[in-house]
Amino acid sequence: MVQRIDVTGADGVRLAAWEFADPPKRHEETEGASGVLLLHGLMGRASHWAATARWLSERHRVIALDQRGHGRSDKPSGGPFTREAYVADAEAAIEQLGLAPVTLIGHSMGALTAWQLAAKRPDLVRALVICDMRASALGAASQREWADWFRAWPVPFATLADVRKWFGEDDPWVERPTAARGEFFAEVMAECADGWRPVFSRRQMLTSRETWVHDAHWEELAHVQCPTLVVRCLDGELGRAEAQEMVRVLPRGQYAEVTDAGHLAHYDQPEAWRAAIEPFLDGVLTP
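Residues numbered from 1 in each chain as written. Predicted model: local features only at pLDDT ≥ 70, side-chain atom pairs only at ≥ 80, totals over all residues. Heavy atoms only, no water.

Asks: It is not clear to me how the sheet that holds strand β2 (residues 14-20) should be interpreted in this structure. Could you clarify?
Replies: The pairing of strands in a sheet happens through backbone hydrogen bonds and is either parallel or antiparallel. The strand order across the open sheet formed by eight strands is β1-β2-β4-β3-β5-β6-β9-β10, and the pairing between neighbours is mixed. Looking at the sheet topology across the chains shown, the edges are occupied by β1 (2-8) and β10 (253-258). With direction set aside, neighbouring strand axes in the sheet form an average angle of 20°. Bridge count for β2 against strand β4 (residues 61-65) is four bridges, and the pairing is antiparallel. Bridging from a neighbouring strand, A17 pairs with L65 of β4. Packed onto the sheet, helix α10 (residues 240-249) meets β6 (125-131), β9 (228-233) and β10 and runs at close to 155° relative to β10. Against the sheet, helix α12 (residues 270-285) touches β3 (35-39), β5 (102-107), β6, β9 and β10, its axis set at about 165° to β6. (Pairing = 2+ DSSP bridges. Helix = DSSP H or I, 4+ residues; strand = E, 2+ residues; numbered from the N terminus. Axes fitted to C-alpha atoms, helices over the stretch in contact; angles between N-to-C directions. Contact = heavy atoms within 4.5 Å.)

Put into structure tokens, the structure is as follows:
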């Protein structure tokens, strides 16, 4: 079961948080349980964490957040979609939901938000898991490639089957499309009068990305004091050398790999993902 809880983020933005518990737990059963906040990546949504949230909820209070511009959360036309806004939203969610000291598990952009928050507010964060997010600057060329990719989407899609096929088989911008990738994007589509369209604005996604691709984030990483697991996906975007350097820079860094997985490891390889992160979580969350 999943329960929606509305949170007020920075600038009064309404954020949809989702508490996963299967079967649902009574309030007294969650009192004293360690809190876990799951932060999706760019274009993602809380539901992408469902498999992870369900096994974590057996022992912890688990919340997945639709970040601003995503899922069921507000998509303010004027933004802001800055790093500061995303971090402040996560900070507000932790405080309003009483999750501190929280374990943050972030994927891609959500991982960057997680470690920036851990550096800013060490009092709120117990532990951190970073999945497939680089600390190095990606640069202007990367941003141009994303703009070109967004323009190539054949929107609107006539059916959800067309969504799955294009993102899972036909997308020319991806070296190895997979069926799981098609399913991932099917979850972020909504039916409109003329067909299926993304629940987010591609313009807002580019704006969000613009605020972090030009900068490196090593200094913030060095200020994360809590135990941190850096997870590399063998076919993902984070290379081995950079991942190991991130572990070295982190004061309490550890390293794990998910084999046979691309960027969406937690979604398309949930069992391997669990095997990679569960020993770390057992170590930091067991009294």
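Asks: For this particular structure, what's the right way to read the packing of aromatic side chains?
Replies: To describe a pair of aromatic rings, you give the distance between the ring centres and the angle between the ring planes. Within this structure, the stated rule accounts for 16 aromatic pairs. An aromatic cluster of at least three residues, connected via ring pairs, comprises W146, W149, F150, W153, F157, W166, F167, F184, F185, F200 and Y267. (Phe/Tyr/Trp six-rings, centres within 6.5 Å; stacked < 30°, edge-to-face > 60°.)

Asks: Would you explain unusual backbone geometry in this entry?
Replies: Comment: phi is negative for the bulk of residues other than glycine, and the bulk of peptide bonds are trans. Of note, the bond from A100 into P101 is cis; its omega dihedral lies within 30 degrees of zero at -10°. Summarising the element assignment, P101 is placed in the loop between α3 (83-97) and β5. Positive phi, close to 50°, is recorded for D132, a residue that is not glycine. Among the secondary structure elements, D132 is positioned in the loop between β6 and α5 (140-152).

Asks: I'm lost on the pattern of salt bridges in this one. Help?
Replies: Where charged atoms from two side chains of opposite charge approach closely, those side chains can pair. In the structure shown here, the tally under the stated rule is 22 salt bridges. A salt bridge links E95 to R121, with the shortest nitrogen-to-oxygen separation between them at 3.1 Å. Of this pair, E95 sits in helix α3 while R121 sits in the loop between α4 (109-120) and β6, and the two are 26 residues apart along the sequence. Accessibility expressed as a relative area gives 44% for E95, which makes it partly exposed. A salt bridge links R121 to D123; its shortest N-O distance comes to 2.7 Å. R121 sits in the buried class, given a relative accessible area of 19%. Three or more residues joined by partner-sharing salt bridges are found here, namely E91, E95, K120, R121 and D123. (Salt bridge = Lys/Arg side-chain N within 4 Å of Asp/Glu carboxyl O. Buried < 20%, exposed > 50% of the residue type's maximum accessible area, 1.4 Å probe, protein only.)

Asks: Would you take a moment to explain the packing of α5 against helix α8 (residues 202-210) for this structure?
Replies: The angle between the axes and the distance between the axes are what describe a pair of packed helices. Relative to each other, α5 and α8 sit at 170°, their axes nearing to 11 Å. Relative to α8, the element α5 is oriented roughly antiparallel. Judged by residue contacts, S142, Q143, W146, A147 and F150 of α5 engage R202, M205, L206, R209 and E210 from α8. Of the residues assigned to the contact of α5 with α8, the class counts are five nonpolar, two polar and three charged. (Parallel < 35°, antiparallel > 145°, perpendicular 65-115°, else oblique. Nonpolar A, V, L, I, M, F, W, Y, C, P; charged D, E, K, R; others polar.)

Asks: Hey, could you run me through the pairing of β1 in this one?
Replies: In this structure, β1 lies alongside β2, joined through seven bridges in antiparallel fashion. By the bridge assignment for β2, R4 is matched with W18. Counting the residues in the hairpin turn of β1 and β2 gives five residues, including D11, whose phi is positive at 60°.

Asks: When you look at the side chain of D89 in this model, what are you seeing that I'm missing?
Replies: Along the polypeptide, D89 turns up in helix α3. In contact with D89, other than residues within four places in its own chain, are G9, A10, L15 and R68.

Asks: Got a minute to help me understand the pairing of β10 in this structure?
Replies: Side-chain direction in a regular strand flips from residue to residue, so the side chains alternate between the two faces of the sheet. Relative to β10, β9 runs parallel, the two being bridged by six bridges. Following the sheet pairing, L229 is matched in β10 by Q254.

Asks: Please explain the side chain of E242 as it appears in this structure.
Replies: Structurally, E242 can be placed in helix α10. Classification of E242 by relative accessible area gives buried; the value is 12%. Among the polar contacts listed, one links the side chain of E242 to the side chain of R134, at a separation of 2.8 Å. Setting aside residues no more than four positions away along its own chain, E242 makes contact with R134, A135, S136 and W218. (Polar contact = N/O pair within 3.5 Å; in protein donor to acceptor, adjacent residues only side chain to side chain.)

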